[in-house]
Every structure is written in structure tokens, then in C-alpha cells.
Amino acid sequence: MSRARRPSAQTLAVLGAFTDDPDRWRYGYDLCSELAVPAGSMYPILMRLADRGLLETSWEPQRVAGRPPRHLYRLTGAGRAFADDAIARTERAPAAPAARRAEVRWDGAR
Amino acid sequence: MMLIAAVLGLLAGGVAVARRRSTAAAPVSQTGRRERRDAPARIVAAAEQLLPAARREWGRAMAAELAAINGRDRWRFAAGVTGVALAPPGHRIRAAIVGAVTAGSTAFGMLTADRTVPQLEVFAATFGVLLTVALTGIALRRARPTAAGSVTAAAVAAGATSTIVTVVIVARAHPAATSDPSHLYAVVLAVVLAGYLVLATASAPAASGAVWWGLAGAAASGLAWAALLPSHATVEGLGLQLWPVGGIAALLASIAAARTHRQTKAGARAALTAAIVSAPLFFTLDLARVLTLHQYVLTAPYDIAHYPHSGFPDVASFVLSDTLGGGVVGVLVMYPLALLGVGTLGGIIGAAGRRPHPGPPPQHEQPSHSPDAQ
């Protein structure tokens, strides 16, 4: 049985990138560049999403001269539902304590 | 000297064969020439090999991605891939538990060594730190071990324990025999025993058959040594009889493994398994023999001349120190290297004239389905 854990900020960013154009297949390195997430963080996120059936993977069907086929990723149906739900929850969630502290005025009044 | 030259010769031959095969396996470009990989590509290729079998496709995916990256980003990407290979997702909590337990055991072992055998404190610290790092890394990377891997790990753990117990007995009975201001032997012993344990757990499921052959070879060595021991009433010459027995057992095991799997490397793997299981037993038998026979007599002219200036308080400490040093270098280091050379030879003999098993087709050539958009 897998536990439903709250996605990290980086995972949410990755899910957000996928939901911008859910039908589009994405390359791992393009996601790294777009989101400024290093490969050492990006690939574990992609692996976990794929392990949970939220991400489908495929190899490039056409051969490109001079390089091997690249791996492609996009959300599954379950992945899209999960991403929409996770992003909506984050938007509904109360502001973080640090943000709330910033709203307190110098004299303590809100 | 002849023995060292033979070991080095066998190893050089094995390395030459491995290099030739590695070159043959390098990717071929469109023009039919072997591609030259740059450093990031080599790092990513090495990292791909570190990944557990279940994550190999991800390794290929990351290696393929590197081919589309230029400039300094290649180094950053390679560093990231290395991080993923060293700590892939899936087993981080298990690794944290293993690391905490081993680190706690190390601290306990160091405290115990400090109170009972202070001359072995450096060994306890080095062995504990290496074991903590190695076991944490294995827990991060490995899925459930195979039956062959579990049996090997248990046998090597038992052998390492018997080796350490024997050294502690010597240290308690003759403290001067284990006193080494440079701590060189303590560090070598720690590195070797930790290395054995890592090698024992590092076999891939596909190598299980070869590992079983190696275990059979180690068991045969052990039985032959047990049969030889009662006929030996002196400490002299026992090691010279144990070496060839172990070598023959490893050779036969490696030939059988290579014939079964039709691969040279199966022979080398069988011999390596036989070596890491039998070497601690060899070390323990040799030292236990000296301890039980109490024949602390100097016979070699060099020892007779060297002893008065050695600083040892008695002949027993001198003899035991000599046996310990010889055991660490000759039995725990040189013996496995020699058996690895013998195993490579046995692998070549066993695989000769046998075509390798056909491997699975490369998956990246057959996509699961065609992506419809970019």
C-alpha cells in the first residue's frame, strides 16, 4: 500500500509544467532547463511519478543521426487528475507561516 | 617473488582481455567508427552501471539525454546523474536505518576496542566507517538480495567475524604482536574485510549461477583444508599447501561456471566468490594453527638476525606479528588476486568454443508506443 504524500514544491513545479500542455511529450533535460531543477532532483521526481503510474514514458520513435533516441514523458490520465488536484490544493492552502508573519504589522496589529 | 610476478601477470592478462572487450562494446557512429566518449559521457556510462537493474532503463534515458546537451551543462548533468545513481529513489528510509544502526555499532565497537584492545582502535574505526558507508550505499541502491547473494554475504560475514576474533585473541594474549605505530596493517585489514563484504553483496541476479559455483569452490577448499590440517604437526609449510588447494578449487569452479553460462566473466565471478569466502577461513586457520601449536621458534636466517633488533619483548610476539602481517598481505590481499587471475583463465577455458547466450533485444529501439506530439 502506498502512502499519499504531499508533493514537494519541485514536484508541483514539474506537474505544473506537464499540465501546461498535457498532450505534449517532454524531454527530461528540457524540463530541467525550463524549471531550473538539476538533473539530480528532476530524474528522481520523474521516476517516482512513473512508479506511481502518474507518468507515461516512451522512446523517440524516429532515429536522429548522430545521437541515440531520447526518452519522453507525459502525464497519464491519473497523472493529470493528480496534478490538477495537487495544484488546486496548493492554491487553496493557507499561506506559509513565513508569509503570515510578514502580514503582521510592527505594532502587532493585522 | 615468483608468486607476486605470477599474480601480476595473470591480472595484466585479465585487464587486457577486459579492455579489448570494452573497446569492442563502445558505440559505433554512423560512419562505422568507434565513438570517443568525453569525460561526462564516461561518468554517465559508469553511473548507469551503478543503478539497480529495475532502474537501468532510466540510466539509458539519462545517457541518451546527455547526447543532446552541449558545453558545461554536460558536466552539471553528469553530476546530477551520478547523484541519482548513488542514491536512487525508493530505499532512502531503509538506507537511513541501516546507516544509523551501523554507525551506532561502530561507536560501540570503538568504545569496546578502546577499553579492551586499544592497539586495534584504528582498525575498529576504519572498519566501522567503511562498513557504514558501504552498507548505507548498498541499502540505497539494491533491491532484495538474491539467495546466492545472501548466502555469500552470510559466509563472508562469518569469515570476517572469525578473522577479527582471531586478531583480537592475538592482541589480548600478545599485545606487542598487534602493536603497529604506522597503523598500516590495521587500515589494510579494515579495507580488505569491508571490501569483501561489499563484493559479497554486489552480485547481480544474472550472476547467481556463477556465485553458486564459487560457493561450491569455497566449500571444496574448506573441506580439503580441514582434511589437511590433522596431518600437519608443525606451523611450517601449511600455507604452501593451502594455496594450491584453493587455486585448484577456484579453477574448477570457474571452468564450470563459464561452461554453464558460456561467458568468461562468469568464471571470474565464481573465482572471486570462492576467494572472498575462503580467504578469511585461510587466514583464521593459519593463525589459529600458530596459536594452538605454540611453536614460537625462529628458523629462517633473516628472522634470527632481525629479531634481536626488532624491539619485540619475546619470540612469540615476533612470530605472531610476522604471521599476522603475512596473513593480511599474503592471504587476504594476494590470495584473492591470484584466484581472480586463475578464475579469468578458467573462464577463458570454460567459455572456449561456446557461443554466449543471446541477450534481450535493445529496448530503446522498440518504443512502447509512438509519441504523437512534441
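The model shown is predicted, which means the values in this text are computed figures rather than measured ones.

Undergrad: So what's going on with the overall build of chain B? Residues and values would help.
TA: Looking only at helices and strands, one finds 13 helices and zero strands in chain B. Seen in sequence order, chain B has helices and strands lined up from the N terminus as α-α-α-α-α-α-α-α-α-α-α-α-α. Among the 374 residues that make up chain B, the fraction classed as buried is 40%.

Undergrad: Break down the overall build of chain A for me, citing the residues and quoting the values.
TA: Looking only at helices and strands, one finds five helices and three strands in chain A. Helices and strands in chain A line up, N terminus first, as α-β-α-α-β-β-α-α. Expressed as a percentage of its 110 residues, the buried residues of chain A come to 31%. Residue pairs at least 24 apart in sequence account for 53% of intrachain contacts in chain A once pairs closer than 6 positions are excluded.

Undergrad: Now, about the packing of helix 11 (residues 264–293) of chain B against helix 13 (residues 315–351) of chain B: what can you tell me, with residues and values included?
TA: All names here are of chain B. In contact at an axis separation of 7 Å, helix 11 and helix 13 are set at 160° when each is read in the N-to-C sense. Our classification of the angle between helix 11 and helix 13 gives roughly antiparallel. For helix 11 against helix 13, the interelement crossing comes out right-handed. Its residues assigned to classes, the contact of helix 11 with helix 13 comprises 25 nonpolar, nine polar and two charged.

Undergrad: Pulling in residues and values, what's your account of the pairing of strand 2 (residues 55–59) of chain A?
TA: Two faces, one strand: in a regular strand the side chains alternate between the faces of the sheet. All names here are of chain A. Only one face of strand 2 is buried: it carries L55, T57 and W59, and the other face, with E56 and S58, is open. Summarising the sheet, strand 2 and strand 3 (residues 71–75) pair through five bridges and their orientation is antiparallel. Opposite E56, over in strand 3, you have R74 as the bridge partner.

Undergrad: I'd like to hear about unusual backbone geometry, residue by residue, with values.
TA: Residues and elements named next belong to chain B. Of note in the backbone geometry, H183 takes a positive phi value of approximately 60° without being a glycine. As for its position among the elements, H183 is in the loop between helix 7 (147–173) and helix 8 (184–201). Given 16 C-beta atoms within a 10 Å radius, H183 is considered partly exposed. Of note in the backbone geometry, R262 takes a positive phi value of approximately 55° without being a glycine. Its location among the elements puts R262 in the loop between helix 10 (238–261) and helix 11. On the basis of neighbour counts, which here come to 14 C-beta atoms within 10 Å, the residue R262 falls in the partly exposed class.

Undergrad: Which residues make up the interface of chain A and chain B, and what values do they have?
TA: Taken together, the 24 residues of chain A in the interface contact 25 residues of chain B. Every element with two or more residues in the side of chain A that touches chain B is listed here: helix 2 (28–35), helix 3 (39–51), strand 2 and strand 3 of chain A. A per-element tally of the side of chain A that touches chain B places helix 3 of chain A first, with six residues. Of the residues belonging to the side of chain A that touches chain B, the class tally is 14 nonpolar, five polar and five charged.

Undergrad: Explain the nonpolar core to me, and be specific about the residues and the numbers.
TA: B:A253, B:A271, B:A274 and B:A275 are the most contacted members of the largest nonpolar core, which has 79 residues in total. Breaking this core down by element, the ones donating at least two residues are helix 6 (121–141), helix 7, helix 8, helix 9 (208–228), helix 10, helix 11 and helix 13 of chain B. For this core, the leading source of residues is helix 11 of chain B, giving 16 residues. The contact partners of B:A271, leaving out residues within four places of it in the chain, are B:G214, B:A250, B:A253, B:S254, B:L339, B:L340, B:V342, B:G343 and B:G346. Residues A:L15, A:I45, A:Y73 and B:V84 belong to the second largest nonpolar core, which totals 35 residues.

Undergrad: Before we move on, could you go through the environment of B:L130 and cite the residues and values that matter?
TA: All names here are of chain B. Within the secondary structure layout, L130 lies in helix 6. Separated by 60 residues in the primary sequence, L130 and A190 place their C-alpha atoms 7.9 Å from one another. The contacts of L130, once residues within four sequence positions are left out, are A190, V191 and A194.

Undergrad: Talk me through the sheet that holds strand 3 of chain A; I want residue IDs and the actual numbers.
TA: The three strands are arranged 1-3-2 (chain A) in an open sheet whose pairing can be described as antiparallel. Looking along the sheet, the strands with just one partner apiece sit at the ends: strand 1 (26–27) and strand 2 of chain A.

Undergrad: Account for the pairing of strand 3 of chain A, with residues named and values stated.
TA: All names here are of chain A. Most of strand 3 is tucked away: five of the five residues are buried. By the alternation rule, side chains of strand 3 split into H71, Y73 and L75 and L72 and R74, which are all buried. Examined bridge by bridge, strand 1 and strand 3 share two bridges and lie antiparallel to one another. By the bridge assignment, Y27 is partnered in strand 3 with L72.

The rules behind the values
- Residues numbered from 1 in each chain as written.
- Chains lettered and ligands numbered in written order.
- Predicted model: local features only at pLDDT ≥ 70, side-chain atom pairs only at ≥ 80, totals over all residues.
- Helix = DSSP H or I, 4+ residues; strand = E, 2+ residues; numbered from the N terminus.
- Buried ≥ 20, exposed ≤ 12 C-beta atoms within 10 Å, placed from the backbone.
- Contact = placed C-beta atoms within 7 Å.
- Axes fitted to C-alpha atoms, helices over the stretch in contact; angles between N-to-C directions.
- Parallel < 35°, antiparallel > 145°, perpendicular 65-115°, else oblique.
- Left-handed = near helix turned anticlockwise from the far one by under 90°.
- Nonpolar A, V, L, I, M, F, W, Y, C, P; charged D, E, K, R; others polar.
- Pairing = 2+ DSSP bridges.
- Core = buried A, V, L, I, M, F, W, Y, C linked by C-beta atoms within 7 Å.

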